[in-house]
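Geometric and topological summary
Here is how the chains run, residue by residue.
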Amino acid sequence: MRRFNLLVLQAAVAIVAVGLWHVLSTVPVFGVMLLPPFFFSTPVDVVLRVIKWFVEGTIWRHLWITLVEAVLAFVIGSVAGVLVGFWFARKPVVAAVFDPYVKMINALPRVVLAPIFALWFGLGIASKVALGVTLVFFIVFFNVYQGVKEVSQTVLANARMLGMNERQLMRHVYWPSALSWMFSSLHTSVGFAVVGAVVGEYLGSAAGLGYLIQQAEGVFDVAGVFAGMLVLAVFVLAIDWLVGVVENRLLVWRPVAADTRT
Amino acid sequence: MTQSAAVALDHCTIAFRLADGGSYTAVEGVSLAVADGEFVSIVGPTGCGKSTLLNVAAGLFGPSAGTVRIFGTELAGLSREAGYLFQAEALFPWKTALDNVAIGLEIAGTPHADAHARAEAWLRRVGLTGFGGRYPHMLSGGQRKRVGLAQVLIRDPKILLMDEPFGPLDAQTRQIMGNLLLDLWSADRKAVLFVTHDLEEAIALSDRVVIMSAGPAARIIGEWRVPLGRPRDIAEVKLEAGFHALHREIWHMLKEEVVKGYAQTGGG
């Protein structure tokens, strides 16, 4: 019952917000349209646009491109992050030498790299993947680094006393600890992979959700912009839900899965 | 006797370098021998270096001066003969209870199925039948200690080192765990070095009780044989006259050190 009440309230928020939008963009108040359709479109137009995209089937190609970019960025960024994270955590000298540079690159807003990547890798998928990788890499890298560094000293001593050699420590202690940290940041890193893909598309491409939004914007097609945002939001929610399922499976041993959603 | 002792610390001094460049002597000139099959407890005030002594006996680090011999051979690096039960949580949180118990065998090359069968048997011995599939966080503090005990004992170490293993548990659970430990120990008497701050627990469990002074530079200041028979029940043995007499005698000496220890650690 409680859950039902919550759902009703959540739905009410959407209905009120969309209702207000609809009324204010179609009915003049004292002769003034508070939300002129030219700037704000109307909910009906936006929904009709989304339906049109799906009926005509043009949206699938863009969704697919964005998905491929995000997945590639996530996989490449994660693998690189895990490898470098492990390397730095096990070799403090290396970590110390590279520390200022890691901080410097991480401090840089990654968006400024997009034009350079477009220059280097062209307007296709590769430049978007590169942008996503720079975002995902640092999240995974920092988490794996933390995970390896913050293994409980008692657990480590126990593992040694039980007779583990360096390789077995890696497999039974460092690796699971690092993975747990990485998985707990899964929502963030997957989210950033999508951000990298969409921002890259927005700044220069021929396909993808970012491209779709950018194109609509270029011709003052506000309905198209909102429709693109709606599709993007649902797309990200679907991915986030999938990540939640994966996370619950992988972190069963955790008391409460840490929520690091941002 | 010292030749064949399971653990023999000979004039061990343990000092640590501090961050400010100075050094801190935790334990000074300690000599202690644990015979094979003997249960020895070390009791001392908070911060007296009891655990440090245990870590040296385990080979987790070496003494600054003096020697450690395990069955007559000088210890270099980790002791292969010793099992260590830690005070803090030491189970692998990402492994189930069963995997936690089996891991000691598996890393030594025992086939998976065999290791699991033996781990299953050990879970039964510590009273955790049916809990093998649970992760440590799904177990109570006492159950986790049982898993820890099985994890250490499945490797059949000749020496058992225990660092206030039942410290975080409530009084009833401690008693039950103490009896479980004595049960398991009486089956094949290993040499046990048991560190605790609880004098009652020490007397109830041990053959011999060693008292340490307050740190820094803690020393051994007294040693008593426990004249109580075995097998013992921890709750019952505490009612015996012999127990009380010994407790009074040792406490008389320990009290002063406890006060000193508190003064040094600021009551912490």
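Values in this document were obtained by computation on a predicted structure and should not be read as measured data.

A separate point is the overall build of chain B. For chain B, the count of helices and strands is eight helices and ten strands. For a compact globule of 268 residues, the expected C-alpha radius of gyration is about 18 Å, and chain B comes in at 19 Å, within 12% of that figure. Summarising its shape, the C-alpha atoms of chain B cover approximately 50 × 45 × 40 Å along the three principal directions. Burial analysis of chain B (268 residues in total) assigns 43% to the buried set. When contacts within chain B are restricted to residue pairs at least 6 apart in sequence, those whose partners lie at least 24 apart make up 69%.

All names here are of chain A. Orientation of helix α3 (residues 43–56) relative to helix α12 (residues 222–250), taken along the N-to-C sense of each, is 65 degrees, at an axis distance of 8 Å. When the axes of α3 and α12 are compared, the pair comes out roughly perpendicular. In this structure, the crossing between α3 and α12 has a hand that is right-handed. Contact residues: Asp45, Val46, Arg49, Val50 and Trp53 in α3; Ala223, Gly224, Phe226, Ala227, Leu230 and Val231 in α12.

Residues and elements named next belong to chain A. As far as domains go, chain A holds domain 1 (1–38) and domain 2 (41–250). Between the C-alpha centres of domain 1 and domain 2 there is a distance of 33 Å. If you look at the interface, domain 1 gives seven residues, while domain 2 gives four residues. Of all the secondary-structure elements, those providing two or more residues to the side of domain 1 that touches domain 2 are α1 (2–26) and α2 (37–40). No other element matches the five residues that α1 contributes to the side of domain 1 that touches domain 2. Its residues assigned to classes, the side of domain 1 that touches domain 2 comprises four nonpolar, three polar and no charged.

Residue and element names in this part refer to chain B. Spatially, six strands are ordered β6-β7-β8-β3-β9-β10 in an open sheet, and the strand pairing comes out mixed. Pairing within the sheet leaves two strands with one partner each, and these edge strands are β6 (82–85) and β10 (220–225). On average, adjacent strands in this sheet sit at an angle of 15 degrees to one another, irrespective of strand direction. Here strand β7 (residues 159–163) runs beside strand β8 (residues 191–196); their pairing, made up of five bridges, is parallel. If you follow Ile159 over to β8, its bridge partner there is Ala191.

Right, let's get into the interface of chain A and chain B. The interface of chain A with chain B comprises 16 residues on the first partner and 19 residues on the second. Listed by contribution, the elements that provide at least two residues to the side of chain A that touches chain B are α8 (153–161) and α9 (166–184) of chain A. With six residues, α8(A) is the single largest residue contributor to the side of chain A that touches chain B. Considered class by class, the residues forming the side of chain A that touches chain B number nine nonpolar, six polar and one charged.

Residues and elements named next belong to chain A. The N-to-C vectors of helix α4 (residues 58–90) and helix α11 (residues 209–218) enclose an angle of 125 degrees; their axes lie 7 Å apart at closest approach. Viewed along their axes, α4 and α11 adopt a mutual orientation that is oblique. From α4, His62, Leu63 and Thr66 reach across to α11, where they touch Leu209, Tyr211 and Leu212. Considered class by class, the residues forming the contact of α4 with α11 number four nonpolar, two polar and no charged.

Residues and elements named next belong to chain B. Pairing is antiparallel in the open sheet, where four strands are placed in the order β2-β1-β4-β5. At either margin of the open sheet sits one strand with a lone partner, and together these are β2 (23–34) and β5 (73–74). In terms of strand pairing, strand β4 (residues 65–70) meets β5 through two bridges, oriented antiparallel. For Ile70, the partnering residue across the bridge sits in β5 and is Thr73. Across the sheet, helix α1 (residues 50–58) touches β1 (7–17), β2 and β4, and the angle it forms with β1 is around 115 degrees.

This part covers the environment of B:His112. Residues and elements named next belong to chain B. Turning to its location among the elements, His112 is positioned in helix α3 (residues 112–125). Judged by local crowding, His112 falls into the exposed class, with 10 C-beta atoms found within 10 Å. His112 sits 13 residues away from Asp99 along the chain, and the two C-alpha atoms are 9.9 Å apart.

Before going further, it helps to examine the confidence of the model for chain A. The predicted model of chain A averages 89 in pLDDT, with 97% of residues at 70 or higher. When the criterion is pLDDT under 50, residues 257–262 of chain A qualifies, and its contacts beyond four places in sequence or with other chains add up to twelve contacts.

So, on to α12(A). All names here are of chain A. Look at α12: 42 Å from first C-alpha to last across 29 residues, which is about the 42 Å you get at 1.5 Å a residue. Every buried residue of α12 is listed here: Ala223, Gly224, Val225, Phe226, Ala227, Gly228 and Val231. On the buried face of α12, the contacting elements are α3, α4 and α11.

Thresholds applied
- Residues numbered from 1 in each chain as written.
- Chains lettered and ligands numbered in written order.
- Predicted model: local features only at pLDDT ≥ 70, side-chain atom pairs only at ≥ 80, totals over all residues.
- Helix = DSSP H or I, 4+ residues; strand = E, 2+ residues; numbered from the N terminus.
- Rg over C-alpha atoms; globule rule 2.2 N^0.38 Å.
- Buried ≥ 20, exposed ≤ 12 C-beta atoms within 10 Å, placed from the backbone.
- Contact = placed C-beta atoms within 7 Å.
- Axes fitted to C-alpha atoms, helices over the stretch in contact; angles between N-to-C directions.
- Parallel < 35°, antiparallel > 145°, perpendicular 65-115°, else oblique.
- Left-handed = near helix turned anticlockwise from the far one by under 90°.
- Domains from an automatic or database assignment.
- Nonpolar A, V, L, I, M, F, W, Y, C, P; charged D, E, K, R; others polar.
- Pairing = 2+ DSSP bridges.
- pLDDT = per-residue confidence, 0-100.
- Expected span 1.5 Å × (residues − 1).

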